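So you can see what is in the structure, the chains are spelled out below.
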Amino acid sequence: MNAILNRFPKSAPYIVCFTAALFFAFELMQLHMMNAIAPMLMGDLHLNAANFGILSSTYLLADVIFLIPAGIILDRYSTRKVILGAMILCVIGTFGFALATNFATACFFHFISGIGNAFCFLSCIMLITRWFEPAKQALIIGLVITTGMLGGFLAQSPFSALAEALTWRNALLVDGIIGVGILSLVALFVHDKVVATNTKKATSLPFMAGLKKSFLNKQNIACGLYTSFMNMPLMVIAAVYGSLFLTQAHGVSLVEASFLISMICIGTIIGSPVFGHFGDLMSKKQLMAGGSILSIVTFLIIMYTSSASFLILLSLFILLGFFTSSQVLGYPLITEAADKDITGTSMSVAAVIIMGLPMFIGPLTGRILDHFSHIDPQTTIVSFPIEGFHAAFLIFPIGFLIALALLPLIKEKALAQVSTK
């Protein structure tokens, strides 16, 4: 193990887990940058809203396809080696996307990046469950998500400004170089917790038995659905259509729109450790219910406020990110209910739902927007009226309502049971 970790054993869990969280942050950059460069990318590759939604969803498609294998692999092999291999794929995908000259090539390399994403958050969860006691896990997961959201924030206004200064392709090349730097840090500081063997994790359940048990666990399904619906603004609005909404419906510039949308990430950065902290102290389900209700109210105000000032919009998007970050509590509820030897598989089953729904919602949102779009016959510029966004975005408050309705299906252990697990 790294000499620094040996020298500071009490700090080792934090060094390991938060260095791994940089990989999570890098992956969120790859997802959210699509929103920041949407107009430039659509113009360069001649994409309509539906095709842009498909391109964005290739990332999520790879994620969904490889999540179950990722969980199974993480239950059986070195988390460190898995992270390194996954991040190499993501860096290759980033450089390839930067050099893509057509829709098909861009889809292929964005898909490659998505494969890496299938492993990043699951790897962080595995490290947290190995390095930290259960009573601290909700807070640490919240802080890891906060670290990841820093990547989502940088992928908005800062990345949009970088793309306007350098072109979107050169901005992606810079992004790839950052990925190489993070890969180096991961190689230095991310290590498996010392056990009897460093190369392979023993699992008492056979492959198919563990997979079947994870799929039949209602907790995995209910928590996955709750988290997915609460995560939808981050996955679809912040990552894909947010800037289009603000530039078309509110008439703000692209850089201003990217900055405003990045406030969802800022709200999540603030909210994740707050919900994680209180989730270790009180009922997680009560906090999740509050997050759902307040998210519905906040999103409806965003949808139907037509003449809001820049400051009001900024505040609303921060609140949306804050309240929807109650989704962070779904993860410890999954690990609480999972057998120790199939934690990764259980998380991967839930993650398929968490990432799979946005994969379908993204293109569906684009198709609805295209239905309402207008093309100027002289300039051929495509515009989207506010009515189109109202129709396309209605899925989000409905999703928050479904998340609220799912809570009675989720079981929660008493705090004393969690602390002694």
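Placed above this text is the structure.
All figures in this text were calculated on a predicted structure; none of them were measured in a lab.

Rules of the game
- Residues numbered from 1 in each chain as written.
- Predicted model: local features only at pLDDT ≥ 70, side-chain atom pairs only at ≥ 80, totals over all residues.
- Heavy atoms only, no water.
- Helix = DSSP H or I, 4+ residues; strand = E, 2+ residues; numbered from the N terminus.
- Rg over C-alpha atoms; globule rule 2.2 N^0.38 Å.
- Buried < 20%, exposed > 50% of the residue type's maximum accessible area, 1.4 Å probe, protein only.
- Contact = heavy atoms within 4.5 Å.
- Areas by Shrake-Rupley, 256 points an atom, 1.4 Å probe, with all protein chains shown as cover.
- Salt bridge = Lys/Arg side-chain N within 4 Å of Asp/Glu carboxyl O.
- Phe/Tyr/Trp six-rings, centres within 6.5 Å; stacked < 30°, edge-to-face > 60°.
- Core = buried A, V, L, I, M, F, W, Y, C linked by side-chain atoms within 4.5 Å.
- 1 Å grid on protein atoms, 1.4 Å probe; cavity = no way out; pocket = protein on both sides within 12 Å on 5 of 7 lines; lining within 4 Å.
- Points joined across faces, edges and corners; volume = space filled by probe spheres on them.
- Patch = residues over 30% accessible without salt bridge, like charges linked within 9 Å, V, L, I, M, F, W, Y side chains within 5 Å.

Colleague: Quick question: what am I supposed to make of the overall build of the chain here?
Modeller: When helices and strands are counted, the chain shows 19 helices and two strands. Relative to a compact globule of 421 residues, whose C-alpha radius of gyration would be 22 Å, the chain shows 21 Å and is just as compact. If you line up the chain on its principal axes, its C-alpha atoms span 70 × 45 × 40 Å. The 421 residues of the chain split such that 58% are buried. Relative to all contacts within the chain whose residues are 6 or more apart in sequence, the contacts with residues 24 or more apart total 85%. Carbon and sulfur atoms make up 72% of the accessible area of the chain, which amounts to about 16,100 Å² in all.

Colleague: Where do I start with unusual backbone geometry in this structure?
Modeller: A negative phi holds for most residues other than glycine; trans holds for most peptide bonds. We note that His 46 has phi near 60 degrees; this positive angle belongs to a residue other than glycine. Mapped onto the elements of the fold, His 46 is located in the loop between α3 (38-45) and α4 (49-76). Non-glycine residue Thr 167 carries a positive phi angle of around 85 degrees.

Colleague: Help me out: how do you make sense of the pattern of salt bridges in this one?
Modeller: One side chain can pair with another of opposite charge once the charged atoms of both are near each other. Scanning the entire structure with this criterion turns up two salt bridges. A salt bridge links Arg 169 to Asp 44; the nearest nitrogen and oxygen atoms lie 3.4 Å apart. Within this pair, whereas Arg 169 is found in helix α9 (residues 168-189), its partner Asp 44 is found in helix α3, the two being separated by 125 residues in sequence. In this structure, Lys 136 engages Glu 133 in a salt bridge whose closest nitrogen and oxygen atoms are separated by 3.6 Å.

Colleague: Sorry, what's going on with the side chain of Ser 292 here?
Modeller: Along the chain, Ser 292 falls in helix α13 (residues 284-304). Sequence-distant contacts of Ser 292, defined by excluding residues within four places in its chain, comprise Tyr 226, Met 230, Ser 326, Phe 400, Ala 403 and Leu 404.

Colleague: How should the packing of aromatic side chains be read in this particular structure?
Modeller: Both the distance between ring centres and the angle between the ring planes are used here to describe each pair of aromatic rings. Across all of its chains, the model carries 16 aromatic pairs by this definition. Seen from their ring centres, Phe 108 and Phe 109 are 5.1 Å apart, and the 80 degrees between their planes marks the pair as edge-to-face. Among the residues examined, Phe 108 registers a relative accessible area of 48% and is labelled partly exposed.

Colleague: Would you mind showing me how to read the side chain of Gln 327 here?
Modeller: Take Gln 327: it is sitting in the loop between α14 (310-324) and α15 (330-337). With a relative accessible area of 3%, Gln 327 lands in the buried category. Residues in contact with Gln 327, not counting those within four places in the same chain, are Ile 145, Tyr 226, Thr 227, Met 230 and Asn 231.

Colleague: Sorry, what's going on with the environment of Asn 48 here?
Modeller: In this fold, Asn 48 is placed in the loop between α3 and α4. On a C-alpha basis, the gap between Asn 48 and Cys 124 in space is 36 Å, while along the polypeptide they are 76 residues apart. The residues touching Asn 48, leaving out its near neighbours within four places in the chain, are Met 42 and Asp 370.

Colleague: I would appreciate a short explanation of the nonpolar core in the present structure.
Modeller: General note: in soluble globular proteins, nonpolar side chains tend to be found buried as a group. Grouped together as the largest cluster of nonpolar side chains are 132 residues, with contacts concentrated most on Leu 41, Phe 97, Phe 121, Leu 246, Phe 317 and Phe 393. The leading source of residues in this core is helix α11 (residues 218-249), at 16 residues. Once you skip the residues sitting within four places of it in the chain, Leu 246 turns out to touch Gly 251, Val 252, Ala 257, Leu 260, Ile 261, Leu 313 and Phe 317.

Colleague: What is the right way to read empty space enclosed by the protein from this model?
Modeller: To locate leftover empty space, one rolls a probe as large as a water molecule over the atoms. Summed over all chains, the structure comprises four cavities of 30 Å³ or more. Considered as a void within the structure, the largest cavity measures approximately 270 Å³ in volume. Mapped onto the lining of the largest cavity, the elements with two or more residues apiece are α2 (12-36), α4, α6 (103-131), α7 (134-154), α11 and α16 (343-372). If you add up the space inside the second largest cavity, you get close to 50 Å³.

Colleague: Sorry, what's going on with the environment of Phe 275 here?
Modeller: You can see Phe 275 is positioned in helix α12 (residues 254-279). For the pair Phe 275 and Ser 326, spaced 51 residues apart in the sequence, the C-alpha separation amounts to 5.9 Å. Discounting chain neighbours no more than four positions away, the residues touching Phe 275 are Leu 287, Phe 322, Phe 323, Ser 325, Ser 326, Val 328 and Leu 329.

Colleague: Would you take a moment to explain a nonpolar patch on the surface for this structure?
Modeller: Judged by side-chain polarity, Ile 270, Val 274, Phe 278, Leu 281 and Met 282 come together as a nonpolar surface patch covering roughly 400 Å² of accessible area. Assignment of secondary structure puts Leu 281 in the loop between α12 and α13.

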